[in-house]
Every structure is written in C-alpha cells, then in structure tokens.
Amino acid sequence: VQLQASGGGLVQAGGSLRVSCTASEIRGSIIRMGWYRQAPGKQRELVATIASIGSTNYLDSVKGRFTISRDNAKNTVYLQMNSLKPEDTAVYYCNARLLVTTAFNDYWGQGTQVTVSS
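Given the structure is predicted, the values throughout are model-derived calculations rather than measurements.

(A) Region of the structure containing the state of the cysteines. Taken as a whole and assessed by the stated rule, the structure comprises one disulfide. Each sulfur of the disulfide joining Cys 21 and Cys 94 lies 2.0 Å from the other. Looking down the S-S bond of the Cys 21 and Cys 94 bridge, the torsion is -85°, so its handedness is left-handed. Taken as a pair, Cys 21 in strand 3 (residues 17–24) and Cys 94 in strand 9 (residues 90–100) lie far apart in primary sequence, 73 residues in all. Given a relative accessible area of 0%, Cys 94 falls into the buried group.

(B) Looking closely at the sheet that holds strand 8 (residues 76–81). If you trace the four strands from one edge of the open sheet to the other, you get 1-3-8-7, paired in antiparallel fashion. Strands with a single pairing partner mark the edges of an open sheet, and in this sheet they are strand 1 (2–7) and strand 7 (66–71). Direction aside, the axes of adjacent strands within the sheet are offset by 15° on average. Bridging between strand 3 and strand 8 involves six bridges; their strand directions are antiparallel. Residue Val 19 lies in a different strand from strand 8, and its bridge partner there is Leu 79.

(C) Structural context of the side chain of Ser 20. Its place among the elements puts Ser 20 in strand 3. At 2.8 Å, the side chain of Ser 20 forms a polar contact with the side chain of Ser 6.

(D) Representation of unusual backbone geometry. Notably, Glu 25 is not glycine yet its phi reads approximately 50°, a positive angle. Within the element layout of this structure, Glu 25 appears in the loop between strand 3 and strand 4 (29–38). Phi at Thr 101 is positive, roughly 55°, even though this residue is not glycine. Tracing the chain through its elements places Thr 101 in the loop between strand 9 and strand 10 (103–108).

(E) The arrangement of the nonpolar core in detail. One finds Met 33, Trp 35, Leu 79, Met 81 and Tyr 92 to be the most contacted residues of the largest nonpolar core, which totals 30 residues. Elements with a contribution of two residues or more to this core: strand 1, strand 3, strand 4, strand 5 (45–51), strand 7, strand 8, strand 9 and strand 11 (112–117). Sorting elements by how many residues they give to this core places strand 9 first, with five residues.

The rules we used
Here the residue numbering is sequential within each chain, running from 1 through the sequence in written order. Confidence filtering applies because this is a predicted model: local features only for residues at pLDDT of at least 70, side-chain atom pairs given and counted only at 80 or more, and all residues used for totals across whole chains, interfaces and linings. Calculated side-chain values reflect all of the structure's heavy atoms, with hydrogen atoms and water omitted. Any cysteine sulfur atom paired with another within 2.5 Å is treated as part of a disulfide. Counting from the N terminus, the helices are DSSP H or I runs at least four residues long and the strands are E runs at least two residues long. Think of it in three bands: residues with accessible area under 20% of the maximum for their type are buried, residues over 50% are exposed, and the middle band is partly exposed, with areas taken using a 1.4 Å probe on protein chains only. Strand pairing follows a simple DSSP-based rule, namely that at least 2 bridges must link the two strands. Each axis is a line fitted through C-alpha atoms, taken for helices only over the stretch in contact, and angles between the N-to-C directions span 0 to 180 degrees. Polar contacts, as used here, are pairs of N or O atoms within 3.5 Å; protein pairs need one atom able to donate a hydrogen and one able to accept it. Residues neighboring in sequence count only if both atoms are side-chain atoms. We call a set of buried Ala, Val, Leu, Ile, Met, Phe, Trp, Tyr and Cys residues a nonpolar core when their side-chain atoms join them within 4.5 Å.

Laid out in structure tokens, this is it:
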C-alpha cells in the first residue's frame, strides 16, 4: 500500500489548510483512514479518523475546527483544518488500516509539515 499525502504548508494563526492523502496499490480492504501528527519532542497523536462506513473520531483539541472526509471511489481522505493555532504545528501523517485476510495492518504516508505562525 502506498499513501501519497499532499497539502500542508505555512499559515498564520486563524487560517485554514487542507491536507489530502491517496492510497494506492491496495491489497485488502480499507477499514479506516486518518491523520496523526507529531510535534517536535512529542509523541505521535491521533488527529482524526474516518471509517469505511463513515464514522469519525477526533482529537478533543481539534473538534469543531477540523473536518475529516473521504472519497471512497478515489481512496482519498481529506483533512480540512480551520481556525488553526500555533499548537497545531506538527508533521501530519496519513494512516490507513487495512484488513488483509484475517489481520489488520497499518500503513503510513511520508508526512507533511503544517506550520502555524502566531
């Protein structure tokens, strides 16, 4: 499975960005796609996920500001980030969880930098 992320960049506080991620070379069934982030000196944390059936999950600190969506036909997940804060600055990683035969496997994209200036 290959995950190609795009988007991200530099934005001022209060601004918006959108990141997207497309999965290819899929072997198995995509159960869930989502975004994690890792800031310098911190552990990677879950930002938002969306299941194949459409249910979503968000980190508390981004609820109401970030929206995750998915185009199943394109195997693409989007993360719309509004009202960005400096504490949102991190490398954002796309994740896909697949069911391969009887096991769940996680795959990761290369990461895209999001920097929010104050």
